[in-house]
Amino acid sequence: MAMGRSKDRQRGLWIETGKLARGPGHPFYQRLNALLGKQGFDAFVEASCQKFYAEVMGRPSLPPGVYFRLLLIGYFEGIDSERGIAWRVADSLALREFLGLELTEGTPDHSTISRTRRLIDQETHVEVFTWVLRVLAKKGLLQGKTLAIDATTLEANAALRSIVRRDTGESYQQFLERLAKASGIATPTRQDLARIDRDRDGKGSNGEWQHPHDPEARITKMKDGRTHLAHKAEHVVDLDTGAIVAVTVQTTDGGDSASSKATLEEALDVIADVMEDQEAAAGLSPAIFAELVADKGYHCNEVLARQAELGIRTYISEPRRGKRRWRRKGHAKTAVYANRRRMRGDRGKRLARRRGEFVERGFAHCYDTGGMRRTHLRGQANIRKRAVVHVAAFNLGLVMRKLLGAGTPRGLAGLLRQLFHRFAVFAGGLPTTMTTSLTSLVRLMHFHDRRLYRFGLADISTSATG
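Keep in mind it's a predicted model, so treat the numbers as computed, not measured.

Conventions and cut-offs
- Residues numbered from 1 in each chain as written.
- Predicted model: local features only at pLDDT ≥ 70, side-chain atom pairs only at ≥ 80, totals over all residues.
- Heavy atoms only, no water.
- Helix = DSSP H or I, 4+ residues; strand = E, 2+ residues; numbered from the N terminus.
- Buried < 20%, exposed > 50% of the residue type's maximum accessible area, 1.4 Å probe, protein only.
- Contact = heavy atoms within 4.5 Å.
- Areas by Shrake-Rupley, 256 points an atom, 1.4 Å probe, with all protein chains shown as cover.
- Polar contact = N/O pair within 3.5 Å; in protein donor to acceptor, adjacent residues only side chain to side chain.
- Pairing = 2+ DSSP bridges.
- 1 Å grid on protein atoms, 1.4 Å probe; cavity = no way out; pocket = protein on both sides within 12 Å on 5 of 7 lines; lining within 4 Å.
- Points joined across faces, edges and corners; volume = space filled by probe spheres on them.
- Nonpolar A, V, L, I, M, F, W, Y, C, P; charged D, E, K, R; others polar.
- Salt bridge = Lys/Arg side-chain N within 4 Å of Asp/Glu carboxyl O.
- Core = buried A, V, L, I, M, F, W, Y, C linked by side-chain atoms within 4.5 Å.
- Patch = residues over 30% accessible without salt bridge, like charges linked within 9 Å, V, L, I, M, F, W, Y side chains within 5 Å.
- Lys, Arg positive; Asp, Glu negative; His and termini not counted.
- Charge placed at Lys NZ, Arg CZ, Asp CG, Glu CD.

A few words on the overall build of the protein chain. Helix and strand content of the protein chain: 18 helices and eight strands. Put simply, the protein chain has 466 residues, and 46% of those count as buried. Of the contacts formed within the protein chain by residues at least 6 apart in sequence, a portion of 70% connects residues at least 24 apart. As displayed, the protein chain has an accessible area near 24900 Å², and 51% of this comes from carbon and sulfur atoms.

Take a look at the structure:
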């Protein structure tokens, strides 16, 4: 075959759409689109979002089905910002097909995504999350009997150096300069300010400081030891399947035992909405919310007594507090001792291990590999809009794992890589002629979609030909 040479030539002004090059598609997104279409996703979100769109005014906006698919792409591709989602969609023919965009159509800009998010309220995003849970219940992937609760921190889109005093509005630099002048230093140097700041107690108090553009963010020590402004994401997880039943975004200075009430109430409301669908309700356990599992941060008299009044068996790890005094706290004493007895049993130990496995796995998938450990939005309402759809994508990944054996496109690529490596090992024991033809088949499949089958072709060819 002769080598073609590049040359300058005038491009045609018109081209038939039938002659445009089309990508091979992505098997994961094709199967996901088939699942959403079968369950009537687009009709549901259009009916839920109809009240936010005008009848005739202006040019057509972003369709609700396209908007929510864009947020799903953020989880499946591990993209943290809406700007990054827009860039990724503009660069991929497979994602264009997933969104239902023709090659002659432009992809959504990040400002369009942001404006649509601000237009659609938080309750509608939660309705989409509930719709996904109904799909899980119909597929037998949601039980609702044994639930676990835990929280993690999300780094806020706010810098510590920009915080101001709540009472006076001074910046941190101005506050230190005022302290230095009050101590007798007329013109303080940087070394003077550093010394005053180092010797001062309670310098990172959330009661005194806030960020001017994100006042709900709180000064928090992250898990890696760094100090940042952060928000808290709290999950309720079904320990029978790993599905996330509820997610809330709250401040980090309230304590886990204080924030658990709102999150557990949200979980009960979501499960009640799921049970309105008869087919979904048939897939749930007869005993809804019968057990609650949590770590030491949720152990307090109020939480245990409240769950005991609701008839919920608690399996909450108890910290070492020394000898307890139970004067006029008989009801709390009964709940604490019953929880302690359950935790010492075999089932309590099994549930504690399962909690560590399922809850931490959800955090890792949603916020580490899913790309939301650092938020690019400000305000808990905005962050929760993105978080609930992000977690809904994680739940859809459970369905995809049941259908394809992988819950993300990268997981499917790794699964196919393992399959082809096993195929290469098998091909190593075949006759030479058959091995050559099988190696050619692997090479053809590799070039069919290079992004999907990204593995070492030279290694496979070497092992296949011996």
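Turning our eyes to something else, we now look at the side chain of N301. Following the sequence through the fold, N301 ends up in helix α12 (residues 301–309). Look at N301 and you get buried, because its relative accessible area is 15%. Separated by 3.0 Å, the side chains of N301 and R324 make a polar contact. Residues contacting N301, with those up to four places away along its chain left out, are R324, W326, K329, A332 and V336.

What follows concerns the pairing of strand β4 (residues 218–221). Note that β4 and strand β5 (residues 227–238) share four bridges and pair antiparallel. In the strand pairing of β5, K221 is matched with T227.

Within the fold, S183 resides in the loop between α8 (172–182) and α9 (190–199). Take S183: its relative accessible area is 51%, and that puts it in the exposed class. Remark: the alpha-carbon pair of S183 and I196, spanning 13 residues in sequence, is separated by 9.5 Å.

Roughly 700 Å³ of internal volume is contained in the largest pocket. Around the largest pocket sit 28 residues that line it, and Y53, R59, P60, S61 and L62 are the ones nearest its centre. Listing elements by their share of the lining of the largest pocket, those giving two or more residues are α2 (41–49), α3 (64–76) and α6 (110–119). With four residues, α6 is the single largest residue contributor to the lining of the largest pocket. Class assignment for the residues of the lining of the largest pocket results in 14 nonpolar, eight polar and six charged.

Counted according to the given criterion, the structure contains 17 salt bridges. Of the charged contacts, one joins D150 and R355 as a salt bridge, the two residues approaching to 3.1 Å between their closest N and O atoms. Of this pair, D150 sits in strand β1 (residues 146–155) while R355 sits in helix α14 (residues 346–369), placing them 205 residues apart in sequence. Judged by relative accessible area, which is 5%, D150 ranks as buried. With a closest N to O distance of 2.8 Å, R361 and E357 form a salt bridge.

Before going further, it helps to spend a moment on the side chain of Q250. Mapped onto the elements of the fold, Q250 is located in strand β6 (residues 244–250). For Q250, the residues in contact, after removing those within four places along its chain, are H231, K232, E234, S259, A262, T263 and Q380.

Here the focus is the nonpolar core. Side chains that are nonpolar tend, in soluble globular proteins, to be buried together. With 100 residues, the main nonpolar core has L32, F76, L136 and Y367 as its most contacted residues. Among the elements that take part in this core, helix α15 (residues 380–404) stands out by supplying twelve residues, more than any other. Those residues in contact with F76, other than ones at most four positions away along the chain, are F28, Y29, L32, A393, L396, G397, G407, T408, P409 and R410. Counting residues in each nonpolar core, the second largest holds 14 residues, with A158, I163, L176 and I219 among its members.

Looking now at unusual backbone geometry. We note that F289 has phi near 50°; this positive angle belongs to a residue other than glycine. Inspection of the secondary structure assignment puts F289 in the loop between α11 (278–283) and β7 (291–294). For F289, a relative accessible area of 5% translates into the label buried.

The full count for this structure, using the stated rule, is two cavities of 30 Å³ or more. Put simply, the largest cavity is a space of about 50 Å³. Around the largest cavity, the lining residues are D80, M372, R374, T375, H376, L377, I383 and R386. The calculated volume of the second largest cavity comes to roughly 40 Å³.

Before going further, it helps to spend a moment on a negative patch on the surface. On the surface, E123, E127, E265, D269, D273 and E276 cluster together into a negatively charged patch. For the negative patch, the secondary structure elements donating two or more residues are α7 (122–138) and α10 (256–274). The element contributing the most residues to the negative patch is α10, with three residues. Along the chain, E276 falls in the loop between α10 and α11. According to the relative accessible area criterion, E276 is exposed, its value standing at 60%.

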